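Chains, contacts and geometry: an overview
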Amino acid sequence: MSEVEFQQITLENPDFAKAIALYQQSFLPQEIIPIPIISRSLKLGNIQLWGDIISKNLP
């Protein structure tokens, strides 16, 4: 059984780079919002970035 926990990712969070890399791999280039815009919006509090952590509980 697996459990998913969501956490907010901030610019200071080490998962920020991983989240951005996954974001860039998930969309076509013309669909991607430029990273400086995402960073600026996070700093201003206009958007939130969330990621998930999957933990597996083995029986």
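Overview of the structure. (Residues numbered from 1 in each chain as written. Predicted model: local features only at pLDDT ≥ 70, side-chain atom pairs only at ≥ 80, totals over all residues. Heavy atoms only, no water.)

The volume enclosed by the largest pocket comes to roughly 330 Å³. As for the largest pocket, its lining consists of 17 residues, of which I9, A19, L49, W50 and G51 are closest to the centre. Taken together, the elements giving at least two residues each to the lining of the largest pocket come down to β1 (2-9), α1 (15-26) and β2 (49-56). Residues belonging to the lining of the largest pocket are distributed by class as follows: 11 nonpolar, 3 polar and 3 charged. (1 Å grid on protein atoms, 1.4 Å probe; cavity = no way out; pocket = protein on both sides within 12 Å on 5 of 7 lines; lining within 4 Å. Points joined across faces, edges and corners; volume = space filled by probe spheres on them. Helix = DSSP H or I, 4+ residues; strand = E, 2+ residues; numbered from the N terminus. Nonpolar A, V, L, I, M, F, W, Y, C, P; charged D, E, K, R; others polar.)

If you look at the biggest cluster of nonpolar residues, it comprises 8 residues: I9, F16, A19, I20, Y23, I38, L42 and L49. Taken together, the elements giving at least two residues each to this core come down to α1 and α2 (35-44). A total of 4 residues in this core trace back to one element, the largest contributor, which is α1. In contact with I20, not counting residues within four places along its chain, are I35 and I38. (Core = buried A, V, L, I, M, F, W, Y, C linked by side-chain atoms within 4.5 Å. Buried < 20%, exposed > 50% of the residue type's maximum accessible area, 1.4 Å probe, protein only. Contact = heavy atoms within 4.5 Å.)

A few words on α2. Among the residues making up α2, those that are buried are I38, S39, S41 and L42. The arc that holds the buried residues of α2, viewed along the axis, is 165°, so those residues lie on one side. Facing away from the buried side of α2 by more than 90 degrees, the exposed set consists of P36, R40, K43 and L44. Positioned one or two residues after α2, G45 has a phi angle of 80°, which is positive. (Arc of directions from axis to C-beta.)

Let's shift gears to a nonpolar patch on the surface. On the surface, V4, F6 and W50 cluster together to form a nonpolar patch covering roughly 350 Å² of accessible area. You can see F6 is positioned in strand β1. (Patch = residues over 30% accessible without salt bridge, like charges linked within 9 Å, V, L, I, M, F, W, Y side chains within 5 Å. Areas by Shrake-Rupley, 256 points an atom, 1.4 Å probe, with all protein chains shown as cover. Salt bridge = Lys/Arg side-chain N within 4 Å of Asp/Glu carboxyl O.)

Let us now look at the pattern of salt bridges. Across all of its chains, the model carries 1 salt bridge by this definition. Among the ionic pairs, D15 bridges to K18, the shortest N-O distance being 3.7 Å. Taken together, the residues span about one helical turn, with D15 and K18 both in helix α1 at a distance of 3 residues. Classification of D15 as partly exposed rests on a relative accessible area of 24%.

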